[in-house]
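Structural characterization, general
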Amino acid sequence: MSTIRVRSPASYWLAAPAALWMLGVVVVPIALLVWVSFWGGRAFSTSSPLTIDNYARFFANPVYVKLIFGTILHTVGLMAVTGVLGYCIAYFLTMKVRSPLWRTALFLAFIIPFWTSTLIRAIAWVPFLGVNGVINQTLMFLGATQSPIEAFLYSRTGITMAQVSLYTMMAAGPVVYMLNSIAPQWREAAMTLKATPFTVFWRIVFPLTLPGVVIGQVLVFLNVMSDFATVATIGGNKHALLPNLVLLFYESSQHRAASVVAVLLMLCMLVGVVIALRVVDIRRLGAER
Amino acid sequence: MIGWRFRLSLTSWILGTVTVLFLAYQWLPIFTLGLLSFSGPTGGTTFPMNGTSLHWYQEVWRATVMNDFKPPLLRSSLLALACSATTIVLSIMAAQAMRGQFRGNGWFFYLMLLGIMAPGILVGFGFAIMMRLMDVELSWDTTTFLVQVSWTLPFGFLTMLAVFNRFDRKVEEAALTLGASRVTAFRRITLPLVLPGVIGAGLFGFSLSYDEYARSMFTTGPDATLPLAVMAQLDRQLTPEIYAVGTTTTLFSLIAITIFTFAFWAMRRSTNLERS
């Protein structure tokens, strides 16, 4: 018995507002984007004829095609860095920190920046990266370089540095959750059977946390693929990834071209998520053996 | 051959060092931002600070029409409160509906997940195109509100779902057995028990809306919200004034989190006391 009857009409009425809201604001607009990307003709209206000219025009430009691969490459690199770093941090927090007080304190120290504005945190990197920035001043003070390195602000390196600080906790969070759910007996059993600590990690702990790793990687992937704000803040106008192109076309009122880029971006993300789901399934097959 | 005990403590040290270094990496920019916002009137956007002063905060306060951050701050706060309230109501309803196991609840769950997965730039852009085709004027208090709730609602929904899965159903059942109507049992028993979760949902609603940039950018008309105003100022000119605004809004969100957390803690404490 519960405060709501199973399959009662009331449950439909309660779910309806949220469902309609999500359909109207998320599903319909995204479907609309796909439709708009095929619009031909001169007028921007629902009666436009359908063509694939918009896509043909996009792929005819090698700069744009290169941008797709550049975006994917940048994202994969960032996934690798945040994945390794995030796993180390998650493992240390859950397995190595014994005192509950320290653990809470460290957790808070990691979580609090997450609740503040990503935009402000990206901007906070600007005074670090410039020619006279903190990093260059430190390097010159230490005598590592004679003249300032210009490779930080308005560069791919700077964007990567900021994004690592923004997104590593997304990779670490699900791993922390999975590590916490491993029963201590499993590790104890392996250790009783004289497995070395490395074997325990590699054969017991890591496979059990793999779903967490994959979910974290998906989160980082989706966020970095669509993160144009950090790129715009730190890359200036000199660097662009795929989502910045959406913005560029949108601002110059080329809505059909912007839709094409948006649809391609969406396709890249879908492919990424599908691949990730495959990886989790492969793990499950391996575990049953 | 080095003993495994030694290697174990070596890994601890290496992992600990990585963790501490990353903490510094994450926090140093934020602290620097705060520090530089107090630099002197001739201070630039990096060190040296050329003295300490409240000059840049005064600039923010005295600002003219172009770089006035006070109206955007007010808009963002009101919007965040509205999103928070809407998220609370809708996510309680949706999570309660999930308990009714209505037909198609699997699809409903995925629909909500889609709201989290779909990137802001696609949702914002698609919604802006839709509004254009429907000839609807973009404005921060209508279109931006609609889009932002689609972002905050799934987080509140997942929070409420987790809370409903965990709370003690026997209490609810007892009330129903004693003859309370379903509505009364929900209002008098269930709702007070899940109140900490409600506060969590509200916090998600507030903070996600307050910081949202991508979705607002496409759907806000001429009157900008705070993140949009900050970005516009960054495009025009980079001065420590931005750092002052950044420090202020970061403090503002930290205070909001503290209030929510404290309320959460107090609620949990009071429900625990009543139970024992």
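Residues numbered from 1 in each chain as written. Chains lettered and ligands numbered in written order. Predicted model: local features only at pLDDT ≥ 70, side-chain atom pairs only at ≥ 80, totals over all residues.

**Details of the overall build of chain B**
Where we set the bar: Runs of E in the DSSP output that reach at least two residues are strands. Runs of H or I that reach at least four are helices, and both are numbered from the N terminus. Whether a residue is buried, exposed or partly exposed is read from the other C-beta atoms within 10 Å of its own C-beta, which are placed from the backbone; 20 or more gives buried, 12 or fewer gives exposed, and intermediate counts give partly exposed. What counts as a contact here is a pair of residues whose C-beta atoms, placed from the backbone, lie within 7 Å.
Each helix and strand in chain B was counted, giving twelve helices and zero strands. For chain B, the sequential pattern of α-helices and β-strands runs α-α-α-α-α-α-α-α-α-α-α-α. Per-residue burial over chain B gives 44% buried out of 276 residues. A fraction of 78% describes how many contacts in chain B between residues 6 or more apart in sequence connect residues 24 or more apart.

**Re the overall build of chain A**
To keep things clear, this is the line we draw: The globule rule is 2.2 Å times the number of residues to the power 0.38, and the radius of gyration it is compared with is taken over C-alpha atoms.
Per the secondary structure count, chain A includes 13 helices and zero strands. Moving toward the C terminus, one meets the helices and strands of chain A in the order α-α-α-α-α-α-α-α-α-α-α-α-α. Relative to the 2.2 N^0.38 estimate, which gives 19 Å for 289 residues, the radius of gyration of chain A is 24 Å and therefore markedly larger than a compact globule would have. Relative to its 289 residues, chain A shows a buried fraction of 39%. Sequence-distant contacts, at least 24 apart, represent 67% of the contacts inside chain A between residues at least 6 apart.

**So, the environment of Q96(B)**
For Q96(B), the position within the fold is in helix α3 (residues 70-99). The spacing of Q96(B) and E212(B) is 116 residues in sequence and 27 Å in space, taken between C-alpha atoms. The contact partners of Q96(B), leaving out residues within four places of it in the chain, are I4(A) and L14(A).

**Quick notes on helix α8 (residues 156-180) of chain A**
Residues and elements named next belong to chain A. Just so we agree on the cut-off: Every helix has an expected span of 1.5 Å times one less than the residues it contains. The reported bend at a residue is simply the angle between two axes, fitted to the 7 residues ending at it and to the 7 residues beginning with it.
When the terminal C-alpha atoms of α8 are compared, their 36 Å separation across 25 residues agrees well with the 36 Å that a helix rising 1.5 Å per residue should span. The largest bend along α8 measures about 40° and falls at L166. Counted residue by residue, α8 has 18 buried out of 25 residues, so it is predominantly covered.

**As for the interface of chain A and chain B**
This is how it is decided: Following the grouping adopted for this structure description, the nonpolar residues are Ala, Val, Leu, Ile, Met, Phe, Trp, Tyr, Cys and Pro, the charged ones are Asp, Glu, Lys and Arg, and the polar ones are all others, Gly among them.
Listed per partner, the contact involves 69 residues of chain A and 77 residues of chain B. In terms of residues, the side of chain A that touches chain B owes the most to one element, helix α1 (residues 9-36) of chain A, which gives 18 residues. Taken together, the residues of the side of chain A that touches chain B break down into 47 nonpolar, 18 polar and four charged.

**Focus: the environment of D68(B)**
For D68(B), the location among the structural elements is in the loop between α2 (55-62) and α3. Residues D68(B) and A229(B) lie 161 residues apart in sequence; the distance between their C-alpha atoms is 8.5 Å.

**What to know about the nonpolar core**
Rules: A set of buried residues drawn from Ala, Val, Leu, Ile, Met, Phe, Trp, Tyr and Cys, joined through C-beta atoms within 7 Å, is what defines a nonpolar core.
In this structure, W125(A), V220(A), V246(A), V261(A), A262(A), A94(B) and F125(B) are the most contacted members of the largest nonpolar core, which totals 135 residues. A per-element tally of this core places α8(A) first, with 13 residues. Among residues more than four places away in sequence, those in contact with V246(A) are A258(A), V261(A), A262(A), L265(A), I121(B) and F125(B).

**Describing unusual backbone geometry**
Although it is not a glycine, S253(A) sits at a positive phi angle of roughly 60°. Topologically, S253(A) is positioned in the loop between α12 (242-251) and α13 (255-288). Taking the C-beta count within 10 Å as the criterion, S253(A) has 9 such neighbours and is therefore assigned exposed. Here the phi dihedral of D135(B) falls at roughly 60°; this positive angle occurs in a residue that is not glycine. Relative to the helices and strands, D135(B) is located in the loop between α5 (120-133) and α6 (143-166). Here D135(B) falls in the exposed class, since 6 other C-beta atoms lie within 10 Å of it.

**Side note on the confidence of the model for chain A**
Just so we agree on the cut-off: Known as pLDDT, the predictor's per-residue confidence is scaled from 0 to 100.
Confidence in the prediction for chain A averages 82 pLDDT; 92% of positions are at 70 or higher. Taken element by element, chain A is modelled with least confidence in helix α7 (residues 134-142) of chain A, mean pLDDT 73, and with most confidence in α1(A), mean pLDDT 90.

**Some details on the packing of α1(A) against α5(B)**
Packed helix pairs are specified by the crossing angle of their axes together with the interaxial distance, meaning the distance between the axes. Defined as follows: What counts as an axis is a line fitted to C-alpha atoms, over the stretch in contact for a helix, and the angles between N-to-C directions run from 0 to 180 degrees. Should an angle fall under 35 degrees it is taken as roughly parallel, and over 145 as roughly antiparallel, whereas 65 to 115 is taken as roughly perpendicular and any remaining angle as oblique.
At a closest axis distance of 8 Å, the pairing of α1(A) and α5(B) adopts a crossing angle of 75°. In terms of orientation, α1(A) lies roughly perpendicular with respect to α5(B). Within the contact between the two elements, α1(A) uses V25(A), V26(A), V28(A), P29(A), I30(A), L32(A), L33(A) and V36(A) and α5(B) uses L122(B), V123(B), F125(B), G126(B), F127(B), I129(B) and M130(B). Along the lines of polarity and charge, the residues of the contact of α1(A) with α5(B) split into 14 nonpolar, one polar and no charged.

**Section: the environment of T168(A)**
Position of T168(A) among the secondary structure elements: in helix α8. It is 9.9 Å that separates the C-alpha atoms of T168(A) and F110(A), two residues lying 58 residues apart in sequence. For T168(A), the residues in contact, after removing those within four places along its chain, are T82(A), L85(A), G86(A) and F22(B).

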